[in-house]
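One letter stands for each residue in the lines below.
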Amino acid sequence: MNNAATLDDAAIARLADRLQTAAATATAIAKLSDDYPAMGIADAYRVQAELRRRALARGERLVGWKAGLTSRAKMAQMGVAEPSIGFLTSAMVRAEGEPVSVSDLLHPRVECEVAFVTRRALAGPGCTAEQVLAATDHVLPAIEIIDSRFSGFSFDLVSAVADNSSSARYVGGGRARYPAELDLRSLGVVLEKNGEPVAMAAAAAVMGHPANAIAMLVNILAAQGEVLAPGSFVMSGGITEAIPVRAGDCITAKFQDLGSLSVRFVEQSGTAAKAS
Ligand code: OOG
Ligand code: MG
């Protein structure tokens, strides 16, 4: 993997512009590494940090973070062999039961994930799953709606990281539980589309235990000089492959011990994210 930082501030801003426009207009662009083949992971996280800075500057609140590409199913589907992280803001969250508009998205896909809500700060490097579990207040089911800004949903790791790991929308719900009361390894999940099971797995598919993905995320944050704040909502990554959705689809994620969570997709909705 190319770790180098090769881009100057002007190039970082240009790439952030491209991604922001693609998201705001729901228009796909070529993956960034086509034009910047020397771009490294450090560059990609600088582009992501610039997108985050802009989101917060326009009044969005940082709600938490997500780990991505943490299961073999996801890595195989995307052809990328390493995990990534992304940030989550108040503009991306949708309430349980609220229809989610696809009009402002390019080619949305859904993922079922275990979300962690922290009560203590977590810092790397060297953060462990044990530390994550000790700092966790509760876990709950989440459905992430990802939407790569790249044509054909096709990318490499650097392009995906710059694109905030395809983050678009997310919904938390179901039943919140204390992690100590659960076996988060053997916990099963079934993803249904329009009443038909389309994917299923156990949460151990995520790095052996989803808390490992949160520890990995904290260690990537540390490399950027950041800590995970208490009260963060953190998704640990899709347990199965992601499933494409369009208007009219209804997705239900049935989690063992954590209840189920449904999302209905519509063409427009009154509360659709404003283009920004
Ligand atoms: C990258 C984001 C992956 C996950 O849970 O694995 C992700 C992508 O597949 O577009 O959110
Ligand atoms: Mg995800």
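Computed from a predicted model, the values in this text were never measured in an experiment.

1. Let's talk about unusual backbone geometry
P125 follows G124 through a cis peptide bond whose omega is 0 degrees. Note that P125 resides in the loop between β4 (109–118) and α4 (129–135). Backbone geometry at L69 places phi at a positive 55 degrees, although glycine is not the residue there. Structurally, L69 can be placed in the loop between β1 (62–68) and α3 (72–78). Even without being glycine, S166 reaches a positive phi, approximately 65 degrees. Assessed through its relative accessible area of 3%, S166 is described here as buried.

2. Some thoughts on the coordination of the magnesium ion (ligand 2)
Distances from the magnesium ion (ligand 2) to its protein donors, namely E111 (OE), E113 (OE) and E144 (OE), fall within the range 2.0 Å. Each donor residue of the magnesium ion (ligand 2) lies on the same chain, and together they follow the pattern E-x1-E-x30-E. For the pair E111 and E113, one class covers both residues: buried.

3. So, the nonpolar core
Formed by 91 residues in total, the largest nonpolar core has its most connected members in V110, V114, F233, F255 and F265. It is helix α6 (residues 210–223) that contributes the most residues to this core, nine residues altogether.

4. Examining the site of ligand 1
Near ligand 1, the surroundings consist of 16 residues, among which K66, L69, K74, S166 and G238 are the closest. A distance of 2.7 Å separates an oxygen atom of ligand 1 from a polar side-chain atom of K74. Contact distances for ligand 1 include 3.0 Å between an oxygen atom and a side-chain N or O atom of E144. In the complex, 100% of the free accessible area of ligand 1, which totals 320 Å², lies under the protein chains. With three residues, the single largest contributor to the shell around ligand 1 is β1.

5. Focus on the side chain of S236
Here S236 shows up in the loop between β9 (233–235) and β10 (243–244). At a separation of 2.7 Å, a polar atom in the side chain of S236 contacts the main-chain carbonyl oxygen of V114. Discounting residues that sit within four places of it in the chain, S236 has contacts with A67, T70, E113, V114, F116, V206, P210, A213 and I214.

6. Some remarks on helix α2 (residues 41–57)
When the terminal C-alpha atoms of α2 are compared, their 24 Å separation across 17 residues agrees well with the 24 Å that a helix rising 1.5 Å per residue should span. If you check which residues of α2 are buried, you get I41, D43, A44, Y45, V47, Q48, E50, L51, R52, R54 and A55. The elements touched by buried residues of α2 are α1 (9–25), β1, β2 (84–89), α5 (157–162) and α6. Of the residues trailing α2, G59 is marked for its positive phi of about 100 degrees.

7. Focus: the packing of aromatic side chains
The geometry of an aromatic ring pair is captured by two quantities: the separation of the ring centres and the angle between the planes. The final tally for this structure, using the stated rule, is two aromatic pairs. Look at Y170 and F233: their rings are 5.4 Å apart centre to centre, the planes differ by 25 degrees, and that puts the pair in the stacked class. With a gap of 63 residues between them, Y170 in strand β6 (residues 167–172) and F233 in strand β9 connect regions that are remote in the sequence. Taken individually, Y170 and F233 each receive the classification buried, so the pair is uniform in this respect.

8. Side note on the side chain of K74
With respect to the helices, strands and loops of the structure, K74 is situated in helix α3. According to the relative accessible area criterion, K74 is buried, its value standing at 4%. Within the local environment of K74, its side chain forms a polar contact with the side chain of E111, the two groups lying 2.7 Å apart. Residues within four places of K74 in sequence aside, it is in contact with L69, E111, I146, G238, T240, E241 and A242.

9. Notes on the packing of α1 against α2
Look at α1 against α2: their axes get within 9 Å of each other, and the N-to-C directions meet at 60 degrees. For the crossing formed where α1 meets α2, the hand is right-handed. On α2, the residues touching D9, I12, A13, L15, A16, D17, L19 and Q20 of α1 are D43, R46, V47, E50, L51 and R54. A class-by-class count of the residues in the contact of α1 with α2 yields seven nonpolar, one polar and six charged.

Scoring rules and cut-offs
Residues numbered from 1 in each chain as written. Chains lettered and ligands numbered in written order. Predicted model: local features only at pLDDT ≥ 70, side-chain atom pairs only at ≥ 80, totals over all residues. Heavy atoms only, no water. Helix = DSSP H or I, 4+ residues; strand = E, 2+ residues; numbered from the N terminus. Buried < 20%, exposed > 50% of the residue type's maximum accessible area, 1.4 Å probe, protein only. Donors = N, O, S within 2.8 Å, 3.2 Å for Na, K, Ca; no water. Core = buried A, V, L, I, M, F, W, Y, C linked by side-chain atoms within 4.5 Å. Near = heavy atom within 4 Å. Polar contact = N/O pair within 3.5 Å; in protein donor to acceptor, adjacent residues only side chain to side chain. Areas by Shrake-Rupley, 256 points an atom, 1.4 Å probe, with all protein chains shown as cover. Contact = heavy atoms within 4.5 Å. Expected span 1.5 Å × (residues − 1). Phe/Tyr/Trp six-rings, centres within 6.5 Å; stacked < 30°, edge-to-face > 60°. Axes fitted to C-alpha atoms, helices over the stretch in contact; angles between N-to-C directions. Left-handed = near helix turned anticlockwise from the far one by under 90°. Nonpolar A, V, L, I, M, F, W, Y, C, P; charged D, E, K, R; others polar.

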